[in-house]
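Report on the structure
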Amino acid sequence: MDNNPSTIELHIPSRLGYEKIAMNTAASAASIMGFTNERIEDLKTAVAEACINAMEHGNKLDESLSVGVVLSMNADSLEVKVRDTGAGAPGHGIAPDIDKKMHEEEKARGMGMFLIQALVDEAEWVSSPRTGSYARMVIHLHHTGE
Amino acid sequence: MHGKSTQVKMDEVQCAGGFITVIRFEGDITSASETAVLGTYKGLPDGAKRILLDFSKVEYLNSSGIALVIQMMIAASKHGQTIKTFGLTPHFQKVFTMVGITKYTSLHPDEQTACAAFDA
């Protein structure tokens, strides 16, 4: 990759299942950039979860509203922004408490943001009710691991 | 469209310590899989105490699908059943570990190892 970022932009309807289009496009971009399969799998889950959150919570599954996905391929990193029309994510990626879930003190669902934060190198959620909110994720080519 | 549907097959296999009920998933496991996942669980024969989940043919799994697996584990726990799993990709083994599911089920590379773990 040279130093000029290449950008790919997608607009997908707020219809569950269509997150796989963004997920597979991100995987293709990461593969072209030389990311390992392990990192590509991490990115796939993170992008899919961000799109599902945008569809369900941001756009309230209104199929007339689209989810915008922008992939920016830089020399040593891949940035993915997932934008919706909502007011922003309600919280951040708090680790699920499996004991509370098993004792039905916490919903079984609600792990998406945690997974995003755990699987990419950088994750942030920007709330902007007027212009649309977005999740921003970055993976670096020279990831040192945990 | 809601992605590929979830196909589920149920088997009884004999391991050294007796019969084990195997639930074999195929395709996608997502929020659309509730009937396939929890409905299949509810249809298990009375007396099924040892349950094995086969993920080896699952193509796509997201957090809503993982939540259905957790709901199945909650129900199994109430019925005194033991669940073990096999066939998850290394990525989803990592995800299950991150989420903490491995506190309530063990992950195995293949059916034979998982069966043997019931007898361990």
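Now for a look at the structure at hand. (Residues numbered from 1 in each chain as written. Chains lettered and ligands numbered in written order. Predicted model: local features only at pLDDT ≥ 70, side-chain atom pairs only at ≥ 80, totals over all residues. Heavy atoms only, no water.)

Describing the overall build of chain A
Convention followed: For helices the rule is a DSSP run of H or I covering at least 4 residues; for strands it is a run of E covering at least 2, with both sets numbered from the N terminus onward. In this treatment the radius of gyration is a C-alpha quantity, and the globule benchmark scales as 2.2 Å times the residue count to the 0.38 power. Burial classification: accessible surface area is computed with a 1.4 Å probe over protein chains only, and a residue below 20% of its type maximum counts as buried, one above 50% as exposed, and the rest as partly exposed. Any two residues having at least one pair of non-hydrogen atoms within 4.5 Å are treated as being in contact. Each accessible area is a Shrake-Rupley result for a 1.4 Å probe, and residues are judged covered by the shown protein chains and nothing else. Residues scored as charged are limited to Lys and Arg (positive) and Asp and Glu (negative), so that His and the chain ends carry no count. Taken as the charge location is NZ of Lys, CZ of Arg, CG of Asp or CD of Glu.
What chain A contains, in helices and strands, is four helices and five strands. Order of helices (α) and strands (β) in chain A, N terminus to C terminus: β-α-α-β-β-α-α-β-β. Here the C-alpha atoms of chain A give a radius of gyration of 15 Å, agreeing with the 15 Å that 2.2 N^0.38 yields for 146 residues. Expressed as lengths along the three principal axes of its C-alpha atoms, the size of chain A is roughly 50 × 40 × 25 Å. Taking all 146 residues of chain A together, 49% fall into the buried category. Summarising the internal contacts of chain A: among those between residues at least 6 apart in sequence, 66% fall at separations of at least 24. When the accessible surface of chain A is totalled, it reaches about 7,200 Å², and 48% of it is carbon and sulfur. Separation of charge centres in chain A, based on 13 positive and 22 negative side chains, amounts to 6 Å.

Some words on the sheet that holds strand S5 (residues 106-108) of chain B
All names here are of chain B. As a reminder, the rule being used: Criterion used throughout: strands pair if DSSP finds at least two bridges between them. Whenever a helix is involved, its axis is fitted only over the stretch in contact; in every case the axis is a line through C-alpha atoms, and angles between N-to-C directions fall within 0 to 180 degrees.
The five strands are arranged S1-S2-S3-S4-S5 in an open sheet whose pairing can be described as mixed. The outermost strands of the open sheet, each flanked by one partner alone, are strand S1 (6-15) and S5. Direction aside, neighbouring strands of the sheet carry axes that sit 25° apart on average. Sheet strands touched by helix H2 (residues 63-78): strand S2 (18-29), strand S3 (50-61) and strand S4 (82-86). Its angle to S3, the strand with the most contacts, is close to 175°.

What to know about the environment of Lys44(A)
All names here are of chain A. Within the secondary structure, Lys44 sits in helix H2 (residues 37-58). For the pair Lys44 and Met23, spaced 21 residues apart in sequence, the C-alpha separation works out to 5.0 Å. Ignoring any residue separated from it by four or fewer positions in sequence, one finds Lys44 in contact with Met23, Asn24 and Ala27.

Some thoughts on the interface of chain A and chain B
Using the following cut-off: When two parts are brought into contact, each loses some accessible area as probed by a 1.4 Å sphere; the total of that loss over both is the buried area. One speaks of a salt bridge when a side-chain nitrogen belonging to Lys or Arg is within 4 Å of a carboxyl oxygen belonging to Asp or Glu. Two N or O atoms count as a polar contact when they lie within 3.5 Å, although within protein this holds only if one can serve as hydrogen donor and the other as acceptor, and sequence-adjacent residues are included solely when both atoms are side-chain atoms. Gly is placed with the polar residues, together with every amino acid not listed as nonpolar (Ala, Val, Leu, Ile, Met, Phe, Trp, Tyr, Cys and Pro) or charged (Asp, Glu, Lys and Arg).
Taken together, the 29 residues of chain A in the interface contact 28 residues of chain B. Here chain A and chain B share an interface that buries about 2,400 Å² over both sides, 65% of which is from carbon and sulfur atoms. The largest per-residue losses of area from chain A upon contact with chain B belong to Ile98(A), Met102(A) and Met111(A), which jointly make up 25% of the total buried on that side. Where chain A touches chain B, the interface holds five salt bridges. Of the charged contacts in the structure, one is a salt bridge between Asp42(A) and Lys94(B), with a shortest N-O distance of 2.6 Å. Put simply, chain A and chain B have 11 residue pairs in polar contact (both at pLDDT 80 or more) between them. Elements that contribute at least two residues to the side of chain A that touches chain B include exactly helix H1 (19-33), H2, helix H3 (98-102) and helix H4 (112-119) of chain A. Here the side of chain A that touches chain B takes seven residues from H2(A), the largest share from any one element. Of the residues contributing to the side of chain A that touches chain B, the split by class is 14 nonpolar, four polar and 11 charged.

A few points about the environment of Asp54(B)
All names here are of chain B. Along the chain, Asp54 turns up in strand S3. Residue classification places Asp54 among the buried residues on the basis of a relative accessible area of 7%. Spatially, the C-alpha atom of Asp54 lies 15 Å from that of Gln14, the residues being 40 residues apart in sequence. Ignoring anything within four residues of it in the chain, the contact list for Asp54 reads Val22, Ile23, Arg24, Phe25 and Phe86. Within the structure, the side chain of Asp54 is placed 2.6 Å from the side chain of Ser56, a separation counted as a polar contact.

Some points on helix H3 (residues 90-99) of chain B
Put simply, the rule is: By construction, the arc corresponds to the directions joining the helix axis to the C-beta atoms.
Of the residues making up H3(B), those classed as buried are His91(B), Phe92(B), Val95(B), Phe96(B) and Val99(B). Viewed along the axis of H3(B), the buried residues span an arc of 135°, placing them on a single side of the element. Looking at the buried positions of H3(B), the neighbouring elements they touch are H2, H3 and H4 of chain A together with S3, H2 and S5 of chain B. Once H3(B) finishes, Gly100(B) follows within two positions and takes phi at roughly 100°, a positive value.

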